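As a plain string of letters, each chain reads:
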Amino acid sequence: MTMTAKTVRLGDLDHDPVVMAMPGQEARLNSLDDLLASIPHHGLLQSLKVRIAADASRYLVTAGNRRFATLCRLGGSIRGAVVTDELQVPVVLSDETDEMVREQSVAENVQRVPPTPAAEALAYAEMAMSASRTEIAARFGVPVKRVDQRLKLAGLHPDVLAALEREEITIAAAEAF
């Protein structure tokens with residue numbers, strides 16, 4: 001399999017029909033609040049993975065379809081760049097077959113692991129030194145209540161946080177401390 005990094009116009013991208021035919025994909029593309037909040041502030045942190053359509057007229061997004069859907073729905077700008085069909089998007093061009101695309105899509109979604117509550121708490125606490133709880137919530141598309149909860153966890157004794165990180169205790173148990 002060959003892969004090449006490049007940029008392409010947003011208007012030259014489409015969702016890969018092989019990926020979109022997989023169960024749950026439509027629902028995932030309707031759950032974009034986190035990315036709609038994050039991408040304008042942080043930019044696109046990871047390139048989209050694409051392959052060339054059979055008729056060679058378009059690039060098909062094989063990995064990063066939620067990020068692509070977010071780019072298509074955004075108005076305004078991303079870190080100063082206006083979002084239009086002309087926006088240059090970083091991609092990794094691959095020559096994957098349909099079978100490879102299906103398998104890698106499943107692997108990507110199965111392997112996705114959200115941060116632990118302890119890791120999220122420590123990250124928010126560090127950010128809280130220069131940003132408000134509301135700003136943190138807006139940047140990550142989460143409720144302020146979640147940021148507040150994680151900030152309370154960040155104030156726990158390091159041993160309690162370590163136990164939470166190792167999943168030896170639950171969030172409820174940690175909150176009891």
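What comes next concerns the included structure. (Residues numbered from 1 in each chain as written. Predicted model: local features only at pLDDT ≥ 70, side-chain atom pairs only at ≥ 80, totals over all residues. Heavy atoms only, no water.)

**A look at the pairing of strand E7 (residues 88-94)**
In step 1: Sheet analysis places strand E1 (residues 3-9) next to E7, joined by seven bridges and oriented antiparallel. From the neighbouring strand, threonine 4 faces E7, where its bridge partner is leucine 93.
In step 2: Of the strand pairs in this sheet, strand E3 (residues 48-52) and E7 are connected by three bridges, and their pairing is parallel. Each bridged residue has a counterpart across the sheet, and for lysine 49 the counterpart in E7 is valine 92. (Pairing = 2+ DSSP bridges. Helix = DSSP H or I, 4+ residues; strand = E, 2+ residues; numbered from the N terminus.)

**Concerning the pattern of salt bridges**
In step 1: Inspection of the entire model under this criterion finds twelve salt bridges.
In step 2: Here glutamate 168 and arginine 166 are joined by a salt bridge, their closest N and O atoms 2.9 Å apart.
In step 3: Here glutamate 168 falls in the exposed class, since its relative accessible area comes to 53%.
In step 4: Taken together, the shared-partner salt bridges connect Arg9, Asp12, Asp14, Arg58 and Glu86 into one network. (Salt bridge = Lys/Arg side-chain N within 4 Å of Asp/Glu carboxyl O. Buried < 20%, exposed > 50% of the residue type's maximum accessible area, 1.4 Å probe, protein only.)

**So, the packing of helix H6 (residues 117-127) against helix H8 (residues 144-154)**
In step 1: Two elements in contact, H6 and H8, have axes separated by 8 Å at closest approach and are oriented at 95°. Judged on the interaxial angle alone, H8 and H6 are roughly perpendicular. On the side of H6, the interface is formed by Pro117, Glu120, Ala121, Tyr124 and Ala125, while H8 contributes Arg146, Val147, Arg150, Leu151, Leu153 and Ala154.
In step 2: Its residues assigned to classes, the contact of H6 with H8 comprises eight nonpolar, no polar and three charged. (Axes fitted to C-alpha atoms, helices over the stretch in contact; angles between N-to-C directions. Parallel < 35°, antiparallel > 145°, perpendicular 65-115°, else oblique. Contact = heavy atoms within 4.5 Å. Nonpolar A, V, L, I, M, F, W, Y, C, P; charged D, E, K, R; others polar.)

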